[in-house]
Amino acid sequence: HIKEGQFVRAGDILFTLDNRTDTVNLTRAQAQLDKELASLSENQRQLARSKELFAQKFQSQSVVDAAQTTVNAQQAVVDAAKAAVAAAKVSLGYSRIVAPVSGRTGLINVFPGSLVQPSTSGAALVTITQMDPVAITFPLPQRNLSDALDSLKRGDSVAMASLPDSTLSFKGKLQFIDNVVDPISGTVKVKAVFDNKEMKLWPGAYANIDLSVLTLKDVV
């Protein structure tokens, strides 16, 4: 349902899988539920009649108890049938692959007729990358960590990003500081977020970052 390079919103349908088997299973489960509900209604009517006859002393308490037991048993069958319908709906829902996030689609790795299956190691059907806003991750020297943490709490940090082959600059702010310092490099990973409405910052590209975490006013 999409094209390569298309922008999609979270919830947009991307692919539809062959769902004929799941559709039939849902129809079968719904029909079974309707049958069990009809039986439950009949058992409830029988129970009501037994109670009326018992009140008129034409039937014993044991007959009423038996009718009540039948209703309770049938109610359990109805509950099981409802669960079967819900399970069938879940299975049918897997045939619609929707976008989990908003972003730009990459290469589409499948085509009509392809066999697809859940896999953590196989190729994805398509990759969606968030483009706006875009986050840039970079290392911060340990000596600046305290000022960065204070600036993150205040929310007044200023990050400037520039591309190596461009004179354009982009203004953002610090969003995240990692919870561990790399003992080898003496740096901590941090993340700054930038508006990217013009799509000048491209995911995976390199950028130069200037981060201001402390401003001293009226000083020499």
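See the structure shown above.
Described below are features of the structure shown in this document. This structure is a prediction, so every number in the text was calculated from the model and none was measured. (Residues numbered from 1 in each chain as written. Predicted model: local features only at pLDDT ≥ 70, side-chain atom pairs only at ≥ 80, totals over all residues. Heavy atoms only, no water.)

**Structural notes on the sheet that holds strand β10 (residues 208-212)**
Note: strands within a sheet are paired through backbone hydrogen bonds, in either parallel or antiparallel orientation. Read across the sheet, five strands follow the order β6-β9-β8-β7-β10 without closing on themselves; strand pairing throughout is antiparallel. On the outer flanks of this sheet lie β6 (134-141) and β10, each paired with one strand and no other. Neighbour-to-neighbour, the strand axes of this sheet turn through a mean angle of 35 degrees, independent of strand direction. Pairing analysis gives four bridges linking strand β7 (residues 158-162) to strand β8 (residues 169-177), with the strands arranged antiparallel. Within β8, the position partnered with Met160 by the bridge is Lys171. Strands β6, β8, β9 (187-194) and β10 of the sheet are contacted by helix α3 (residues 145-154), whose axis makes an angle of about 95 degrees with β8. (Pairing = 2+ DSSP bridges. Helix = DSSP H or I, 4+ residues; strand = E, 2+ residues; numbered from the N terminus. Axes fitted to C-alpha atoms, helices over the stretch in contact; angles between N-to-C directions. Contact = heavy atoms within 4.5 Å.)

**Focus: the packing of helix α1 (residues 20-55) against helix α2 (residues 61-93)**
Where α1 meets α2, the closest approach of the two axes is 8 Å, and the angle between their N-to-C directions is 165 degrees. Judged by the inter-axis angle, α1 sits roughly antiparallel to α2. As α1 runs across α2, the sense of the crossing is left-handed. When grouped by side-chain class, the residues that make up the contact of α1 with α2 number 18 nonpolar, 13 polar and five charged. (Parallel < 35°, antiparallel > 145°, perpendicular 65-115°, else oblique. Left-handed = near helix turned anticlockwise from the far one by under 90°. Nonpolar A, V, L, I, M, F, W, Y, C, P; charged D, E, K, R; others polar.)

**Describing α1**
Two residues of an α-helix separated by three or four positions point the same way, owing to the 3.6 residues in each turn. Between the first and last C-alpha of α1 there are 53 Å, a value that for 36 residues agrees with the 52 Å anticipated at 1.5 Å per step. Within the span of α1, buried status applies to Leu26, Ala29, Leu33, Glu36, Leu40, Asn43, Leu47 and Ser50. Looking at the buried positions of α1, the neighbouring elements they touch are α2. (Expected span 1.5 Å × (residues − 1). Buried < 20%, exposed > 50% of the residue type's maximum accessible area, 1.4 Å probe, protein only.)

**Notes on the pattern of salt bridges**
With the rule as written, the count across this model stands at four salt bridges. In this structure, Asp18 and Arg20 form a salt bridge, with 2.8 Å as the shortest nitrogen-oxygen distance. In terms of burial, Asp18 and Arg20 fall into one category: exposed. In this structure, Arg45 engages Glu42 in a salt bridge whose closest nitrogen and oxygen atoms are separated by 2.7 Å. Pair noted here: Arg45 and Glu42 are both in helix α1, with a separation of three residues, about one helical turn. Take Glu42: its relative accessible area is 30%, and that puts it in the partly exposed class. Linked through salt bridges whose partners overlap, the residues forming this network are Glu42, Arg45 and Arg49. (Salt bridge = Lys/Arg side-chain N within 4 Å of Asp/Glu carboxyl O.)

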